[in-house]
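Structure assessment
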Amino acid sequence: MTLSGRVLFVKLGIHSSMLLAVLALSACQDSFSLNESNPQQEVANSFSAEADNSAITSGTDAIADEVRADDISSEEAMINALSRYRWTLNAVTDDKTQSLNKLTAIKDQVTLRFNEYQGENTLNYSVGCNIISAFYQLQESTLTIEDSMSTKMSCGDLDMAENSLSKLMQGDSQLALVESNAFKDDKPILTQVTNNRSTLIWEGRLTAQAKYNSKGETVFWAVNAEMKPCLDDRSQACLQVKPVTYDDQGIKVSEGDWAPFTGMIEGYQHDDKHEEVLRLQRYPLDNSKAIEADTTAVLGADYAYVLDAVIESSVAEERR
């Protein structure tokens, strides 16, 4: 079954042709782009920004002091620091410091990511349904989020929360980044005050590239909607996955065999109603081990796997 062309997108605003290139889905049959025209290239967490662990200090002023000797601006240091983390909502209040309950109730699944695409600063955010992507600028501590685009899925009960988050993220807001020894496991706190004086507090977790101290290797997996018993413990259900390869034009050239996967894909939630193709970043847990290209290595236990993007999705055929 061909999955290409099943992911739909809606335009919230147009910044430039680059933003379209970030999210536009190729209409070519049995193919999709793996570069600028990839439907979620912007959503793909490129993990390209690198910063020294000392770049984040007790606040934005301390960040500027830390990096002046390296001849980079405080904004660049802040951007490097922000991109090292995957941010999860900790609390959100309105201008009267009253909790925004629709977002607070699902705060553990509300996420924010800062990335870079073709030299432009980008970000994406989500309440656990659509992924909304935009270009941004940072001047001193002022974050300006420009026109955005979003995947188009019906979110049911999450629709109101998604609309609320989208309104909060538009326009200008003030950022303050704090790291303290009081935060365990290197979890900095990012405070965002919007132009209508709502306040979002985000907690950071290191991205895979920062965590594993290596650049990820891109692999593609097809994931079956149906889970099956694991080989080593048949009382447990495992994902059924198979590696997929594409040529430079994004045309599928080969598929492996279905095999159970007993590990975890960071950032991925299985959907038993859709067949999907995932773009993943995998990281060797032991950097001294060479990365092999065969199926065993792809599904091996010596790697950490992080979801980059869901690039194809189609409704699974009804099981009999």
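Since we're looking at a predicted model, the values are computed, not measured.

Calculation rules
Residues numbered from 1 in each chain as written. Predicted model: local features only at pLDDT ≥ 70, side-chain atom pairs only at ≥ 80, totals over all residues. Heavy atoms only, no water. Helix = DSSP H or I, 4+ residues; strand = E, 2+ residues; numbered from the N terminus. Buried < 20%, exposed > 50% of the residue type's maximum accessible area, 1.4 Å probe, protein only. Contact = heavy atoms within 4.5 Å. Areas by Shrake-Rupley, 256 points an atom, 1.4 Å probe, with all protein chains shown as cover. Phe/Tyr/Trp six-rings, centres within 6.5 Å; stacked < 30°, edge-to-face > 60°. Salt bridge = Lys/Arg side-chain N within 4 Å of Asp/Glu carboxyl O. Core = buried A, V, L, I, M, F, W, Y, C linked by side-chain atoms within 4.5 Å. 1 Å grid on protein atoms, 1.4 Å probe; cavity = no way out; pocket = protein on both sides within 12 Å on 5 of 7 lines; lining within 4 Å. Points joined across faces, edges and corners; volume = space filled by probe spheres on them. Nonpolar A, V, L, I, M, F, W, Y, C, P; charged D, E, K, R; others polar.

1. Details of the overall build of the chain
The number of helices and strands found in the chain is seven helices and 17 strands. Counting all 320 residues of the chain, 47% fall into the buried class. Put simply, 59% of the contacts in the chain that link residues at least 6 apart link residues at least 24 apart. When the accessible surface of the chain is totalled, it reaches about 16400 Å², and 46% of it is carbon and sulfur.

2. Let's talk about the packing of aromatic side chains
Evaluated as defined, the whole model comprises seven aromatic pairs. Centroid distance F114 to Y136: 5.4 Å. Interplanar angle 85°. Geometry classified as edge-to-face. With F114 in strand 3 (residues 111-117) and Y136 in strand 5 (residues 132-139), this pair connects stretches of sequence that are 22 residues apart. By relative accessible area, F114 is classed as buried at 2%.

3. Comments concerning the pattern of salt bridges
Counted by the stated rule, this structure contains seven salt bridges. For D95, the salt bridge goes to K96, with nearest N and O atoms at 3.9 Å. Under the relative-accessibility criterion, D95 is labelled partly exposed at 47%. Where D308 meets R279, a salt bridge forms, and the shortest distance between an N and an O atom there is 3.2 Å. Remark: R279 occurs in strand 16 (residues 274-284) and D308 occurs in strand 17 (residues 303-315); sequence separation between them is 29 residues. Residue D308 shares its accessibility class with R279, and that shared class is buried. Each of K242, K252 and E255 takes part in one network of salt bridges that share partners.

4. Description of the nonpolar core
Formed by 34 residues in total, the largest nonpolar core has its most connected members in W87, L103, F114, L165, L190 and W202. W221, V223, F261 and L307 belong to the second-largest nonpolar core, a separate cluster that totals 14 residues.

5. With respect to the layout of surface pockets
The space that makes up the second largest pocket amounts to roughly 450 Å³. As for the second largest pocket, its lining consists of 19 residues, and the residues nearest its centre are R86, T88, R205, L206 and E266. Of all the secondary-structure elements, those providing two or more residues to the lining of the second largest pocket are strand 2 (85-93), strand 9 (199-206) and strand 15 (265-266). Split by residue class, the lining of the second largest pocket holds five nonpolar, four polar and ten charged.

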